[in-house]
Amino acid sequence: MKEFDYIVVGGGSAGCIVAARLVREGNARVLLLEAGRDEYHPVLKMPAGYMKFLASDKFLTMHQTEPQAQLNGRGVIVPQAKVLGGGSTVNAMVYMRGHRQDYADWNHALGNQGIDWSWEALLPHFTAIEDNDHLGAPDHGVGGPMKVSHLGHFSPLSRAYVKTMQGLGIPYTPDFNTGNPFGVGFMQHTINGQTRQRCSVVDAFINPLRQDTRLTIATGAQVEEILFEGANATGVRYTLEGHPQRASACKEVILAAGAYQTPKLLMLSGIGPQDQLKKHGITLRHHLPGVGKNLQDHYEVPVVASTKGAFGYYGQDRGWPMIKAGLQYMLFKTGPVTTTGVETCAFFDPLDFSATPTIQMFCVPTVYLDRDVMGADPGHGVTVNSLLLRPKATGEVTLRDGSASSLPIIDTQIFGHPDDLARTIAGFRFARQVIAATPISEMVQQEIFPGAEITSDVTIVEHCKRMVKTGYHPVGTCRMGHANDPLAVLSDDLRVRGVNRLRVVDASMMPNIVSGNTNAIVMAVAHRAAELLMQTQDFVQKETADE
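Owing to the predicted nature of the structure, the values given are computational and were not obtained by experimental measurement.

**Comments concerning the domain arrangement of the protein**
Here is step 1 of the chain: As assigned here, the protein comprises domain 1 (1–147 + 201–295 + 395–409 + 475–542) and domain 2 (152–186 + 297–393 + 415–467).
Here is step 2 of the chain: At the junction of the two partners, domain 1 supplies 39 residues and domain 2 supplies 37 residues.
Here is step 3 of the chain: Surface buried jointly by domain 1 and domain 2 totals about 2,900 Å² across both partners, of which 53% is contributed by carbon and sulfur atoms.
Here is step 4 of the chain: The three residues of domain 1 that bury the most area against domain 2 are Arg74, His99 and Ile513, which together make up 18% of that side's buried surface.
Here is step 5 of the chain: For the interface between domain 1 and domain 2, the tally reads 0 salt bridges.
Here is step 6 of the chain: Remark: the boundary between domain 1 and domain 2 carries 14 residue pairs in polar contact (both at pLDDT 80 or more).
Here is step 7 of the chain: Residue composition of the side of domain 1 that touches domain 2, by class: 21 nonpolar, 10 polar and 8 charged.

Structure below.
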């Protein structure tokens, strides 16, 4: 059995950063295990390229959620990245930090004591990671490994959206990442402002260490169980190319497999709700009822309108327009390929502009609907998506069976709380005001989905239930919490309660979801998690020396 200082399970945004810091700054021997492939398709390097893979099983695992009674029995597709770099390799590259109140709520969940998870405490980790193309101190970092910039191209529809929202009373903001995201503006992305290529955590953190013998990367590795000696995590059992493997960790095992897979692995290893484990014949190691609970995500509902002309990106991915755009990108790093196609958004509360934002509203300059719904043909148009920032309903992740190769059961509970549906309806109605207001209305031909005839509360509710989709931001299934919280899985230093030498560093650690896209937050948490791990080891070494 091979021996390492640390084993990191999951090679996504969190796992890559933790592994890289432990090697580079902690001088540790690290095994990084990723179930997906170590492959970076050239198209994914292009900002517009990720759209080619939204419905692909090559880099994504497509989970089908449980039928939702409150959605008339509909089950929603929820993808998860299946590639080294995780979401940072396949996502839309939006760089968004959330609202400072989100982090105050984390501290509140911890009883406002112990390790500080406030905005102020995490800001140094955001800035340490970042190399911003045009923004600097005190809110942004310059010289870090992760490139951040604005997009290289904006469509006429995006520009019209920003001006329209200002006319409706939503002020312009040049930077959503100062702790108070409010207003309308253009989003920052994890894109190199010079080369106009995606910057993933693989680019930023892993590739510089490819030749470092202290880092071992195994992709296509399916972790089946965390190994223990008594209460101490000592390693993992996994399969690689069909062959069973074991590896030991002298110091700690670190879980970074994401909000679906991390609780699944804990339960397969005997840590979780007693009834779940008994049901599937798994020997109980530690009863931890919160494992898999508290699943949260962002959810969005669209309004779609056709336009009077080609103001967006429909048809740009085929034929002569695609060839022309590709040549422009290769020769000059300009044009439509330098955009993700989702360039702008607005943060606000549609019921009270003075309140903390409850909606993040995106403008997509084409007819855009998710793969599991129907209702409008692709074409020249605009889609205004109203995304709910802090849903009150929580779902759960449970085991399908006792096999590591089986996907977990995911119950999202979308609209499981009446306030979530009410807020979504308010956002939907405001989206209609947007496409009816100038200057964007001058480009719009007509609303095509759900259609102008859908006006009653009953029909709007049915539209929301039919069309609601994930925002691709699952969190919370192994949340931090106070010692007296029966559903808290982690302590304030990310340790799994009831066992030793085992931590969780991915999005499942969040007590509550943050107000915005989650990749930037996951990276900052992972950066801090590596620091906590190194501080722990420094303390252990000091105690040993003192003895």
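**Quick look at the nonpolar core**
Here is step 1 of the chain: Residues Trp106, Trp117, Leu266 and Leu502 are the most contacted members of the largest nonpolar core, which totals 92 residues.
Here is step 2 of the chain: Take this core: its biggest share by element is 12 residues, from helix H13 (residues 519–546).
Here is step 3 of the chain: Apart from residues lying up to four places away in sequence, Trp117 is in contact with Tyr103, Trp106, Asn107, Leu110, Leu122, Met480, Asp492, Leu494, Met509, Val525, Arg528 and Leu532.

**What to know about the packing of helix H4 (residues 100–109) against helix H5 (residues 119–129)**
Here is step 1 of the chain: Relative orientation of the contacting elements H4 and H5 amounts to 115 degrees, with a least axis distance of 9 Å. On the side of H4, the interface is formed by Arg100, Tyr103 and Trp106, while H5 contributes Trp119, Glu120, Leu122 and Phe126.
Here is step 2 of the chain: Across the contact of H4 with H5, the residue classes tally to 5 nonpolar, no polar and 2 charged.

**Concerning the environment of Pro321**
Here is step 1 of the chain: Along the chain, Pro321 falls in helix H10 (residues 319–332).
Here is step 2 of the chain: In this view, Pro321 contacts Gly315 and Gln316; residues no more than four positions away in its chain are not counted.

**Focus: the UniProt feature "binding site: FAD" (unreviewed entry) in the protein**
Here is step 1 of the chain: When the UniProt feature table is mapped onto this chain numbering, "binding site: FAD" (unreviewed entry) sits at Val83, Asn91, Ala92, Met93, Val94 and Val223. A maximum C-alpha distance of 29.6 Å shows the annotated residues, which cover 141 residues in sequence, to be distributed over more than one spot.
Here is step 2 of the chain: Within the secondary structure layout, Ala92 lies in the loop between helix H3 (87–90) and H4.
Here is step 3 of the chain: Residues in contact with Ala92, not counting those within four places in the same chain, are Tyr50, His189 and Thr340.
Here is step 4 of the chain: Looking at where Met93 falls in the secondary structure, it is placed in the loop between H3 and H4.

**What about the packing of helix H11 (residues 418–435) against helix H12 (residues 457–467)?**
Here is step 1 of the chain: Direction vectors running N to C along H11 and H12 enclose 100 degrees, while the axes themselves pass 10 Å from each other. Relative to H12, the element H11 is oriented roughly perpendicular. Along its contact with H11, which presents Leu421, Thr424, Ile425, Phe428, Arg429 and Arg432, the element H12 presents Asp457, Ile460, Val461, His463 and Cys464.
Here is step 2 of the chain: In terms of residue class, the contact of H11 with H12 is built from 6 nonpolar, 2 polar and 3 charged.

**So, the pairing of strand E3 (residues 60–64)**
Here is step 1 of the chain: Of all the 5 residues making up E3, 4 are buried; the element is thus mostly covered by neighbouring parts of the structure.
Here is step 2 of the chain: Pairing of E3 with strand E4 (residues 77–81), which is carried by 5 bridges, proceeds in the antiparallel orientation. When the bridges of E4 are listed, Leu60 appears paired with Ala81.

**Examining unusual backbone geometry**
Generally, phi is negative for residues other than glycine and the peptide bonds are trans, each holding for most cases.
Here is step 1 of the chain: In this chain, Ala137 is followed by Pro138 through a cis amide linkage whose omega measures 5 degrees.
Here is step 2 of the chain: Within the secondary structure, Pro138 sits in the loop between strand E5 (130–132) and strand E6 (146–148).
Here is step 3 of the chain: The linkage connecting Phe449 with the following residue, Pro450, adopts the cis geometry, with an omega of 10 degrees.
Here is step 4 of the chain: Considering the arrangement of structural elements, one finds Pro450 in the loop between strand E20 (444–449) and H12.
Here is step 5 of the chain: With phi around 55 degrees, Asn112 is a residue other than glycine that occupies positive phi space.
Here is step 6 of the chain: Relative to the assigned elements, Asn112 resides in the loop between H4 and H5.
Here is step 7 of the chain: Backbone geometry at Arg501 places phi at a positive 60 degrees, although glycine is not the residue there.
Here is step 8 of the chain: Within the secondary structure layout, Arg501 lies in the loop between strand E21 (469–470) and strand E22 (502–504).

**Notes on the pattern of salt bridges**
Here is step 1 of the chain: All chains considered together, the criterion is met by 21 salt bridges.
Here is step 2 of the chain: Here Glu39 makes a salt bridge to Lys58, at a shortest N to O gap of 3.1 Å. Note that Glu39 is positioned in the loop between strand E2 (30–34) and helix H2 (42–45) and Lys58 in the loop between H2 and E3, a separation of 19 residues in sequence.
Here is step 3 of the chain: What makes Glu39 partly exposed here is its relative accessible area of 31%.
Here is step 4 of the chain: A salt bridge links Asp457 to Arg429; the nearest nitrogen and oxygen atoms lie 2.6 Å apart. Pair noted here: Asp457 is in helix H12 and Arg429 is in helix H11, with a separation of 28 residues, a long-range link.
Here is step 5 of the chain: Looking at Asp457, the relative accessible area reads 53%, which means it is exposed.
Here is step 6 of the chain: The class for Arg429 is partly exposed, based on a relative accessible area of 33%.
Here is step 7 of the chain: Several salt bridges converge on common partners, so that one network encompasses Arg37, Glu39 and Lys58.

Rules used throughout
- Within each chain, residue numbers correspond to sequence positions counted from 1 in written order.
- At least 70 in pLDDT is required for a residue's local features to be given in this predicted model, at least 80 for side-chain atom pairs to be given and counted, and no such filter applies to totals for whole chains, interfaces and linings, which use all residues.
- Neither water nor hydrogens contribute to the side-chain values; these are computed over all heavy atoms in the structure.
- Domain delimitation in this document rests on an assignment produced automatically or drawn from a domain database.
- Contacts were defined at the residue level, with two residues in contact if any of their heavy atoms lie within 4.5 Å.
- Joining two parts hides part of their accessible area as seen by a 1.4 Å probe, and the buried area is that hidden amount summed over both.
- Throughout this description, the term salt bridge denotes a Lys or Arg side-chain nitrogen within 4 Å of a carboxyl oxygen of Asp or Glu.
- Think of a polar contact as two N or O atoms within 3.5 Å of one another; within protein, one of them needs to be a possible hydrogen donor and the other a possible acceptor, and neighboring residues in sequence only count if both atoms come from side chains.
- Gly counts as polar in this scheme, as do all residues outside two lists: the nonpolar Ala, Val, Leu, Ile, Met, Phe, Trp, Tyr, Cys and Pro, and the charged Asp, Glu, Lys and Arg.
- For this analysis, a nonpolar core means a set of buried residues of the types Ala, Val, Leu, Ile, Met, Phe, Trp, Tyr and Cys, connected via side-chain atoms within 4.5 Å.
- Exposure categories follow from relative accessible area, calculated using a 1.4 Å probe and restricted to protein chains: below 20% of the type maximum is buried, above 50% is exposed, and the middle band is partly exposed.
- Helix and strand definitions follow DSSP, with helices as H or I runs of at least four residues and strands as E runs of at least two, each counted in order from the N terminus.
- Axis definition: a line fitted to C-alpha atoms, over the contacting stretch in the case of helices. Angles run 0 to 180 degrees between N-to-C directions.
- UniProt positions are given in the numbering used here, feature names are shortened, and annotations may be inferred rather than shown by experiment.
- Between 65 and 115 degrees an angle is taken as roughly perpendicular, under 35 as roughly parallel, over 145 as roughly antiparallel, and anywhere else as oblique.
- Any two strands are treated as partners once DSSP identifies two or more bridges connecting them.

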